[in-house]
Amino acid sequence: MTAPGTPSTAPPPAEEGTLHRAIGPKLLILFVIGDILGTGIYATTGKVAGKVGGALWLPFAIGFVVAILTAASYVELVGKYPKAAGAALYTQKAFKTPFLTFIIAFMVMCSGLSSASAAARAFSGDYLAELTGDALPPTLIAITFIVLLAALNLRGVSESVKTNVVLTLVELTGLAIILGIGAYAVLTGDGEPSRLTEFEAGGGTGYALMTSVLGATALGFFAFVGFEDSVNMAEETKDPVRTFPRAIFIGVAVTGTIYILVALVSSLLVDHKTLEGSSGPLLEVVKAGGVDFPHKLFALIALFAVTNSALINIMMASRLCYGMANERILPRAMGRVLAKRRTPVVGIVFVSLLAIGLVSTGEIEGLGDTTAFLLLCVFAVVNVAVLVLRRDRVDHAHFRTPTFLPVLGAVTALALASPLADRPAEVYIRAGILIVIGVGLWAVNKAVLKARGEE
């Protein structure tokens, strides 16, 4: 795959109501890495182990492949259409069906909110308990957490992204500690290598093994979501046509490699049942590693990591609202920005309220699986859209992915979203309720436009 590029013209001067182009190439790479890393690996690793057993590395390896396939489609599309609306924009251009466009946009937004909610739940779990005990109700902590992140988002994209860089470096440090502990264990002969090939399959049949691996992969895919969020920053990135291909591919490759290595270390040192029972599974790895590393310090690092995930998802959901408002999929008020800060104030308040609702009604595993399910459905549509839009020519050079990649991307996304993945019914119910809410909002918005004579 090649990414042809030509020197682009300087962006036009910022106008009132537009977003500020504050993100350069290096900052975008760190942003993508920070967006992908976080809650998934720090909080749901144990739940993935509970589904697949000691062969914890396999779901992350499969998830890495699926992520690369779909990332290639996103890179082509953001190069052609560097706008903030992301998947919603691609769906509209490909299928020209406003109802489908709205549902896809709403699913993306809800996936970001369920991801942020999972992060908020992870923040209030075992990692925080290691530092403070069970002093406050977890739900209260999670809600307060969401409110504070919303306030930071209102400050501005520059402040939010710079905070993301700091938190990304902290969470990378935490994962480097895990890998260092793993290397020490291998060199000293500690750990149990036989666990790496153990599978947990109810019933012991081939079908049960397949569904357990698919289910673990579907949940583990939650750890890879994030690269799709970055395309919603296209209007705040300098020269996005040239910047995004490198940033997304590097981001997915770096995080995928780290995930597989962390999964190997986790299974090597800790039994999968112990991992499954903890909302702070990597803390269990630190405790079992035979290295005198302060447990409380690692717990603090993990809290920074899940904070990063929630921060970015709240930020991306609000930018998606802004993009949809500009496309007139949502009311124009959703695109309102603060005069001085030029941040999408209405979008930030709206998505934060929805996140509070989700965090009050779900737990880490269910919210994480809901995020993965919603995005897998979206990814299937995006992979088809990139093929449909090959007929739409643009007047600038951009990345073009080989045709077989989006085909495989659509097939694998649908397989992981299907009942073959053996996910709990509550995930489908939660996603169904969210979609019903989306249909209701669509009907209200359509009625408003008709009443104003704008339809």
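Rules used throughout
Residues numbered from 1 in each chain as written. Predicted model: local features only at pLDDT ≥ 70, side-chain atom pairs only at ≥ 80, totals over all residues. Heavy atoms only, no water. Helix = DSSP H or I, 4+ residues; strand = E, 2+ residues; numbered from the N terminus. Rg over C-alpha atoms; globule rule 2.2 N^0.38 Å. Buried < 20%, exposed > 50% of the residue type's maximum accessible area, 1.4 Å probe, protein only. Contact = heavy atoms within 4.5 Å. Areas by Shrake-Rupley, 256 points an atom, 1.4 Å probe, with all protein chains shown as cover. Lys, Arg positive; Asp, Glu negative; His and termini not counted. Charge placed at Lys NZ, Arg CZ, Asp CG, Glu CD. Phe/Tyr/Trp six-rings, centres within 6.5 Å; stacked < 30°, edge-to-face > 60°. Core = buried A, V, L, I, M, F, W, Y, C linked by side-chain atoms within 4.5 Å. Salt bridge = Lys/Arg side-chain N within 4 Å of Asp/Glu carboxyl O. Axes fitted to C-alpha atoms, helices over the stretch in contact; angles between N-to-C directions. Parallel < 35°, antiparallel > 145°, perpendicular 65-115°, else oblique. Left-handed = near helix turned anticlockwise from the far one by under 90°. Nonpolar A, V, L, I, M, F, W, Y, C, P; charged D, E, K, R; others polar. Disulfide = S-S within 2.5 Å. Polar contact = N/O pair within 3.5 Å; in protein donor to acceptor, adjacent residues only side chain to side chain. Patch = residues over 30% accessible without salt bridge, like charges linked within 9 Å, V, L, I, M, F, W, Y side chains within 5 Å. pLDDT = per-residue confidence, 0-100.

*Asks:* Looking at this structure, how should I read the overall build of the chain?
*Replies:* Counting secondary structure elements, the chain contains 19 helices and zero strands. The C-alpha radius of gyration computed for the chain amounts to 21 Å, which stays within 12% of the reference 23 Å derived for 455 residues, consistent with globular compactness. C-alpha atoms of the chain, sized along the principal axes, occupy 70 × 50 × 45 Å. Residues classed as buried in the chain amount to 56% of the 455 residues present. Look at the contacts in the chain between residues 6 or more apart in sequence, and 84% of them connect residues 24 or more apart. Roughly 17,400 Å² of accessible area belongs to the chain as shown, and the carbon and sulfur atoms make up 66% of that amount. If the 34 positive side-chain charges of the chain are averaged to one point and the 32 negative ones to another, these points end up 12 Å apart.

*Asks:* How do you make sense of the packing of aromatic side chains when you look at a structure like this?
*Replies:* The geometry of an aromatic ring pair is captured by the separation of the ring centres together with the interplanar angle, meaning the angle of the planes. Tallied over the full model, the rule gives 13 aromatic pairs. Measuring from centroid to centroid gives 4.5 Å for Phe123 and Phe145, while their planes differ by 25 degrees, and the two rings are stacked. Here the residue Phe123 occupies a position in helix 6 (residues 98-123), and Phe145 occupies one in helix 8 (residues 138-155), the gap between them amounting to 22 residues. Phe145 shares its class with Phe123; the two are buried.

*Asks:* How should I be thinking about the nonpolar core in this particular structure?
*Replies:* Soluble globular proteins tend to pack their nonpolar side chains together in the buried interior. Core analysis: the largest hydrophobic core is formed by 142 residues, its most contacted members being Tyr42, Phe227 and Phe298. By residue number, the principal contributor to this core is helix 15 (residues 295-326), which donates 18 residues. If near-sequence neighbours (up to four positions away) are discounted, Phe298 is found in contact with Tyr42, Tyr127, Gly174, Ile177, Ile178, Leu282, Leu283, Val286 and Phe293.

*Asks:* Looking at this structure, how should I read the pattern of salt bridges?
*Replies:* For side chains of opposite charge, pairing can occur when their charged atoms come near one another. Considering all chains together, one arrives at four salt bridges under this definition. Among the ionic pairs, Glu76 bridges to Arg390, the shortest N-O distance being 2.8 Å. Here Arg390 lies in the loop between helix 17 (364-388) and helix 18 (404-417) and Glu76 lies in helix 4 (residues 57-80), a separation of 314 residues in the sequence. The same class applies to Glu76 as to Arg390, namely buried.

*Asks:* How should the packing of helix 6 against helix 16 (residues 345-359) be read in this particular structure?
*Replies:* Two quantities define a packed helix pair, namely the angle between the helix axes and the distance between the axes. Interaxial distance between helix 6 and helix 16 falls to 9 Å at its minimum, and their mutual angle equals 55 degrees. Judged on the interaxial angle alone, helix 16 and helix 6 are oblique. At the point where helix 6 passes helix 16, the crossing takes the right-handed sense. Here helix 6 contributes Met109, Cys110, Leu113, Ser114, Ser117, Ala120 and Arg121 to the contact with helix 16, which in turn contributes Phe350, Val351, Leu354, Ala355, Leu358 and Val359. Of the residues contributing to the contact of helix 6 with helix 16, the split by class is 10 nonpolar, two polar and one charged.

*Asks:* In this structure, what is going on with the state of the cysteines? I would like to understand it.
*Replies:* Two cysteines whose sulfur atoms are joined by a covalent bond form what is called a disulfide. Overall, the coordinates contain zero disulfides when judged by the stated rule. In this model Cys377 remains outside any disulfide bridge; the closest cysteine sulfur is found in Cys110, 12 Å from its own. Note on Cys377: relative accessible area 22%, which makes it partly exposed.

*Asks:* Would you explain the side chain of Thr101 in this entry?
*Replies:* Residue placement: Thr101 occurs in helix 6. In this structure, Thr101 is in contact with Ala88, Thr91, Gln92 and Ile329, ignoring residues within four places of it in sequence.

*Asks:* Quick question: what am I supposed to make of the side chain of Arg121 here?
*Replies:* Structurally, Arg121 is set in helix 6. Look at Arg121: it is buried, it has no salt bridge, and the nearest opposite charge is Glu363 at 4.0 Å. At a separation of 3.0 Å, a polar atom in the side chain of Arg121 contacts the side chain of Thr139. At 3.0 Å, the side chain of Arg121 forms a polar contact with the backbone oxygen of Gly362. Leave out the neighbours within four places in its chain, and Arg121 touches Pro138, Thr139, Ala142, Val359, Ser360, Gly362, Glu363, Ile364 and Leu367.

*Asks:* Could you clarify how one ought to interpret a positive patch on the surface in this entry?
*Replies:* Together, Lys83, Lys93, Lys96 and Arg391 make up a positively charged patch on the protein surface. For Lys83, the position within the fold is in the loop between helix 4 and helix 5 (87-95). The class for Lys83 is partly exposed, based on a relative accessible area of 44%.

*Asks:* Could you clarify how one ought to interpret the packing of helix 1 (residues 25-36) against helix 15 in this entry?
*Replies:* Where helix 1 contacts helix 15, the two axes come as close as 8 Å, and the packing angle between them is 110 degrees. In terms of orientation, helix 1 and helix 15 fall into the roughly perpendicular class. Crossing of helix 1 against helix 15: the hand is left-handed. Residue-level inspection shows Phe31, Gly34 and Asp35 of helix 1 in contact with helix 15, the latter providing Asn308, Ile312, Asn313, Met315 and Met316.

*Asks:* Hey, could you run me through the confidence of the model for the chain in this one?
*Replies:* The predicted coordinates ought not to be read in detail in places where the model reports low pLDDT. Here the chain shows a mean pLDDT of 84. Residues at 70 or above account for 91%. Per-element averaging of pLDDT across the chain places helix 11 (residues 227-230) at the bottom with 76 and helix 18 at the top with 96.

*Asks:* I'm lost on helix 14 (residues 281-288) in this one. Help?
*Replies:* Structurally, the α-helix is built with 3.6 residues per turn, so residues lying three or four positions apart point the same way. Among all positions in helix 14, only Pro281, Leu282, Leu283, Val285 and Val286 are buried. A positive phi of about 75 degrees marks Gly290, the residue just after helix 14.

*Asks:* I would appreciate a short explanation of unusual backbone geometry in the present structure.
*Replies:* Peptide bonds are, in most cases, trans, and in most cases residues other than glycine have a negative phi. One non-glycine residue, Lys96, lies in positive phi territory at about 50 degrees. Relative to the helices and strands, Lys96 is located in the loop between helix 5 and helix 6. One non-glycine residue with positive phi stands out, namely Asp422, at about 55 degrees. The residue Asp422 is located in the loop between helix 18 and helix 19 (425-451) in this model.

*Asks:* Can you help me understand the environment of Leu275 in this one?
*Replies:* The residue Leu275 is located in helix 13 (residues 272-276) in this model. Assessed through its relative accessible area of 1%, Leu275 is described here as buried. Remark: the alpha-carbon pair of Leu275 and Ala43, spanning 232 residues in sequence, is separated by 10.0 Å. Ignoring sequence-local partners within four residues, the contact set of Leu275 consists of Gly46, Ala49, Leu56, Ser266, Val270, Pro281 and Val285.

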